[in-house]
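Here is what each chain is made of, one letter per residue.
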Amino acid sequence: VTQEVARCSQRWLCNRASVQTALRTLLAVPWPSQRDLRSWLQLLSVLQWVLSFLLLGIVSLLLLIYLVFTSFWPISALYLAWIIFDWDTPEKGGRRLPCLRRWPVWKHFRDYFPVKLVKTHDLSPSHNYIIGSHPHGILCVGAFCNFITGSTGFSEMFPGIRPFLTTLAGNFRLPVFREYLMSGGLCPVTRRAIGYLLSQNGTGNAVAIVIGGAAESLSCRPGITTLILKNRKGFVRMALQHGAYLVPSFSFGENDLFRQVVFEEGSWMRSIQQRFQKMMGFAPCVFYGRGLTSVQSRGFLPYPRPITTVVGEPVMVPKIEDPSHEMVDMYHEMYVRSLLKLFNENKTKYGLSESDELHIL
């Protein structure tokens, strides 16, 4: 018995020593600092946003199709009935949720780059506005962060103004993804949807349109400031028809977030991209960013580069139900001049040199 007690005591002492050694080893490991924790939260916030935009719609569609062939088929049937019933909602102002704009994750999203909003002039709540957002970049990070999330203080800078952001109408045909888009204040970039916000939703509406669209994304690369704008005049005609003021905005740093393989004009790859764009409404860009492990690795996340969105001076526009081509051209030229003025006055403040110019195609 005495020997058994001695053996038990020895094992207990050994176990105690092992636990103490493990605890000392654990305590010796450096714990993540607050800075490290913030960096991880910022990275995760960007990851969820990228995955939501790239995969949420497709994955939801495939899941609902799969459920049709299982005992859970009523879920797919009910959601299909809901989409049919709710089909026109995106073009009638959507269904925005203020709580989503205030979601704390957007502050981490903002700080990852970081994104900053700069106001140069007041916007009166007694008018409606069309905000031209430039450039498109790859994923329109600046436009999303400033006009859809409340993290950069848009509502505080422009009290009484409700911002909306337009995107491809096809996105609102994807299940679940359409609800996600509408909850943030996105709407289809169609005449009907924009016209509703400018004529049947009261005043104080600011509809942001990324005017360059998919064509502009094909030329997106760091250090290049080329816009597709010269023949984009539909937004000016809509502004005249509804008496909405035109407001230029430019996101400095937007083109620095990804690296893109740019194919030369006339090449077979470029022609494939352009044909795909005409058929589907968006262009298949070949791009890469950073990976999850480090900034030096390659992946699909944007590089942490500062983005500064400057909102310029409104161009006052009269209401003309049937504007002539000459009238549209005149206000288009006024808008371009206002945009060039904004760019030239701010380029040296936000990462560009005095010799950099804005090229408009």
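The structure this text deals with has already been given above.
Residues numbered from 1 in each chain as written. Predicted model: local features only at pLDDT ≥ 70, side-chain atom pairs only at ≥ 80, totals over all residues. Heavy atoms only, no water.

Engineer: Residues and numbers for helix 2 (residues 34–68), please.
Structural biologist: Its axis deflected by about 50° at L55, helix 2 carries its strongest bend there. All buried positions along helix 2 are accounted for by Q42, L43, S45, V46, L47, W49, V50, S52, G57, S60, L64 and L67. Contacts from the buried residues of helix 2 go to helix 3 (73–85), helix 5 (105–112), helix 6 (141–147), helix 8 (177–184) and strand 9 (287–290). (Bend = angle between axes of the 7 residues up to and from the residue. Helix = DSSP H or I, 4+ residues; strand = E, 2+ residues; numbered from the N terminus. Buried < 20%, exposed > 50% of the residue type's maximum accessible area, 1.4 Å probe, protein only. Contact = heavy atoms within 4.5 Å.)

Engineer: Which residues make up the environment of H127, and what values go with them?
Structural biologist: Mapped onto the secondary structure, H127 falls in the loop between strand 1 (115–119) and strand 2 (129–134). What H127 contacts, discounting residues up to four positions off in sequence, is T203, G204, N205 and Y245. There is a polar contact of 3.5 Å between the side chain of H127 and the side chain of Y245. (Polar contact = N/O pair within 3.5 Å; in protein donor to acceptor, adjacent residues only side chain to side chain.)

Engineer: Give a detailed account of the sheet that holds strand 1, specifying residues and quantitative values.
Structural biologist: Read from one edge of the open sheet, seven strands run 1-11-7-2-5-3-4, paired in mixed fashion. Every other strand in the sheet has two partners, leaving strand 1 and strand 4 (186–188) as the edge strands with one partner each. Sheet twist, expressed as the mean angle between neighbouring strand axes with direction ignored, is 25°. Across five bridges, the pairing between strand 2 and strand 5 (residues 205–210) is parallel. The residue bridging I131 from the neighbouring strand is A208, located in strand 5. (Pairing = 2+ DSSP bridges. Axes fitted to C-alpha atoms, helices over the stretch in contact; angles between N-to-C directions.)

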